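Chain and residue survey
Each chain is listed here by its residues.
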Amino acid sequence: MKRIFSGIQPTSSMTLGNYLGAVRNWVDLQGPEFETIYCVVDLHALTQPQDPDALRTNTLSLAATLIAAGIDPGKSILFAQSHVHQHAELAWLFSCIARIGQLNRMTQFKEKAGKRRDEAYVGLYTYPVLMAADILLYKATHVPVGEDQKQHLELSREIAGSFNHRYGVDFFPLPEPQILGTATRVMSLRDGTKKMSKSDESDFSRINMTDEADLIAQKFRKARTDPHPLPEAPEGLEGRPEAENLVNIYAALARSSVEQVLAEHGGSQFSSFKQALTDVAVTALSPIAAAVNRLMADPAQLDAVLAEGAEKAEALAAPILADTRRLMGLAQRARG
Ligand code: AQP
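Residues numbered from 1 in each chain as written. Predicted model: local features only at pLDDT ≥ 70, side-chain atom pairs only at ≥ 80, totals over all residues. Heavy atoms only, no water.

When you go through the chain residue by residue, the secondary structure sums to 13 helices and five strands. The principal-axis extent of the C-alpha atoms belonging to the chain is close to 75 × 45 × 40 Å. Residue burial in the chain is summarised as follows: out of 336 residues, 50% are buried. Intrachain contacts of the chain at a sequence separation of at least 6 include 76% that bridge at least 24 residues. Of the roughly 15800 Å² that the chain leaves accessible, carbon and sulfur atoms contribute 51%. Measuring between centres, the 35 positive side-chain charges of the chain sit 5 Å from its 40 negative side-chain charges. (Helix = DSSP H or I, 4+ residues; strand = E, 2+ residues; numbered from the N terminus. Buried < 20%, exposed > 50% of the residue type's maximum accessible area, 1.4 Å probe, protein only. Contact = heavy atoms within 4.5 Å. Areas by Shrake-Rupley, 256 points an atom, 1.4 Å probe, with all protein chains shown as cover. Lys, Arg positive; Asp, Glu negative; His and termini not counted. Charge placed at Lys NZ, Arg CZ, Asp CG, Glu CD.)

The following block contains the structure:
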């Protein structure tokens, strides 16, 4: 059976970008065609300094948001990355497969480290190696992600290929990216050329999944736009990144197409389009926010869901890691 793996960092609460670019697809992919494994990647979150209490809370609240958004622990394995120690171990083994030249090409490191590269943490640099380990620890064949993770996924394929080549085996599959939908790269509400991100300093750059209706309305009202009305056809969005972003968000939330949205709203001023956008966003997001609140009222139950998920994940991961160790020539520990 085809196996899906994907993860999300508990760096803060989930954004509309995470939801439309990735998580909603994770929900849709649950079914008989795929075995689905989803992970709150707390070890990845540590690549930037985190307040320890906030990290613990965010891990639980992100798990709650995933369940509220439709990840069903009865259909998918849902767990926290650090609960399955094999992720970190395979990452070390892969750091002896990946090459520095490959990591030097990663644009996310360049963007996040900025000009102060020497002060960036080693973990931020080797982040894509841990991501390859996350995926290949389960021999996942398909990885649903947003556009921004495409390059990291390409590296996972290269690592799998190099491993197979070095040891003369056909052991790891080359995982396929699944970049699905009309909102594969949701942009910041303050700057249509920058990706919407959990860790952006401005809360008004993003919609959080737990934002209340009033705040969603306020954020869309203040979203940057240009002075022209909406065009009648997609070509008219060229060179208008903010307009394109809002139309893409609308199309994704309404499960419609850009053409259809423009057929309906072409010629409108942004003031009325933003009101319509708020309405579709509130309709889609408010039941999720309400479910997050209900789930967060019982943290022990969430802990239990994650513990059960970790147990199932470890049962899949342990034999794959054991085979990897053996193929690489690590001696087996004698049991006395
Ligand atoms: N703006 C986005 N549009 C579409 N998809 C997005 N994703 C992230 N931002 C967008 C997708 O969400 C999934 C989980 O992302 P992540 O938490 O692993 O890390 P990220 O890609 O670095 O996302 P953020 O929100 O920008 O997090 P921070 O600020 O912590 O770095 C991934 O599949 C990603 O593609």
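Surrounding the ligand, one finds 23 residues, the nearest of these being Lys112, Asp148, Ser197, Lys198 and Ser199. In this structure, Asp148 approaches the ligand through a side-chain N or O atom, which is 2.4 Å from an oxygen atom. Lys198 has a polar side-chain atom sitting 2.5 Å from an oxygen atom of the ligand. About the coverage of the ligand: the protein hides 98% of its 640 Å² of free accessible area. (Near = heavy atom within 4 Å. Polar contact = N/O pair within 3.5 Å; in protein donor to acceptor, adjacent residues only side chain to side chain.)

Structurally, Asp226 is set in the loop between helix H9 (213-222) and helix H10 (241-253). Within the local environment of Asp226, its side chain forms a polar contact with the side chain of Arg240, the two groups lying 2.7 Å apart. Not counting the four nearest positions on each side in its chain, Asp226 is found in contact with Arg240, Ala243 and Phe270.

Turning to the packing of aromatic side chains, a few remarks are in order. Across all of its chains, the model carries ten aromatic pairs by this definition. Measuring from ring centre to ring centre gives 4.9 Å for Phe163 and Phe172, while their planes differ by 70°; the resulting arrangement is edge-to-face. For the pair shown, Phe163 and Phe172 are each scored as buried. Site record: aromatic cluster; members linked through ring pairs are Phe94, Phe163, Tyr167, Phe171 and Phe172. The ring of Phe171 is capped by Lys139, whose NZ or CZ atom sits 3.7 Å from the centre of that ring. (Phe/Tyr/Trp six-rings, centres within 6.5 Å; stacked < 30°, edge-to-face > 60°. Lys NZ or Arg CZ within 6 Å of the ring centre and 35° of its normal.)

Moving on, we come to H9. Those residues of H9 that sit buried are Ile216, Ala217, Lys219 and Phe220. Considered in projection along H9, the buried side chains sweep an arc of 165° and stay on one side of the axis. Exposed positions of H9 whose direction lies more than 90 degrees from the buried face are Asp214 and Arg221. (Arc of directions from axis to C-beta.)

Turning our attention to the packing of H9 against helix H12 (residues 270-296). It is at 9 Å that the axes of H9 and H12 come closest, and there the two elements cross at 145°. Where H9 crosses over H12, the two elements pack in a sense that is right-handed. Counted together, Ala213, Ile216, Ala217, Phe220, Arg221 and Lys222 of H9 and Lys274, Leu277, Thr278, Ala281, Val282 and Leu285 of H12 form the full contact between these two elements. Residue classes in the contact of H9 with H12 are distributed as eight nonpolar, one polar and three charged. (Axes fitted to C-alpha atoms, helices over the stretch in contact; angles between N-to-C directions. Left-handed = near helix turned anticlockwise from the far one by under 90°. Nonpolar A, V, L, I, M, F, W, Y, C, P; charged D, E, K, R; others polar.)

Before going further, it helps to examine the pairing of strand S3 (residues 76-80). Counted residue by residue, S3 has five buried out of five residues, so it is predominantly covered. Every second residue of S3 is oriented toward a common face, with Ser76, Leu78 and Ala80 on one face and Ile77 and Phe79 on the other, all of them buried. Bridge count for strand S2 (residues 34-40) against S3 is five bridges, and the pairing is parallel. Paired with Tyr38 across the bridge in S3 is Leu78. (Pairing = 2+ DSSP bridges.)

Moving on: the packing of H10 against helix H11 (residues 258-265). The geometry of H10 relative to H11 is characterised by a closest axis approach of 9 Å and an angle of 105° between their N-to-C directions. It follows from the interaxial angle that H10 and H11 lie roughly perpendicular. Contact with H10, carried on its side by Val247, Asn248, Tyr250 and Ala251, involves Val258, Val261, Leu262, Glu264 and His265 of H11 and no other residues of that element. Here the residues of the contact of H10 with H11 sort into six nonpolar, two polar and one charged. (Parallel < 35°, antiparallel > 145°, perpendicular 65-115°, else oblique.)

Turning next to the pairing of S2. In terms of burial, S2 is largely enclosed, as six of its seven residues are buried. Here strand S1 (residues 2-8) pairs with S2 via seven bridges, running parallel. Counted as the bridge partner of Lys2 is Phe34 from S2. For the handedness criterion, the β-α-β arrangement of S1, helix H1 (residues 16-29) and S2 is classed as right-handed. (Right-handed = clockwise from strand over helix to strand, strands pointing away.)

What follows is about the pattern of salt bridges. Under the definition given, this model contains 17 salt bridges. The salt bridge partner of Arg255 is Asp28, with a shortest N-O separation of 3.2 Å. Here Arg255 is found in the loop between H10 and H11, whereas its partner Asp28 is found in helix H1, with 227 residues between them in sequence. Residue Arg255 is classed as exposed on the basis of its relative accessible area of 54%. Of the charged contacts in the structure, one is a salt bridge between Asp148 and Lys195, with a shortest N-O distance of 2.8 Å. Separated by 47 residues along the polypeptide, Asp148 in the loop between strand S4 (142-144) and helix H8 (150-167) and Lys195 in the loop between strand S5 (176-178) and H9 bring together distant segments of the chain. Residue Asp148 is classed as partly exposed on the basis of its relative accessible area of 24%. On the basis of relative accessible area, Lys195 is assigned to the partly exposed category, the value being 29%. By sharing partners, the salt bridges in this structure join Asp203, Arg206, Asp211 and Lys219 into a single network. (Salt bridge = Lys/Arg side-chain N within 4 Å of Asp/Glu carboxyl O.)

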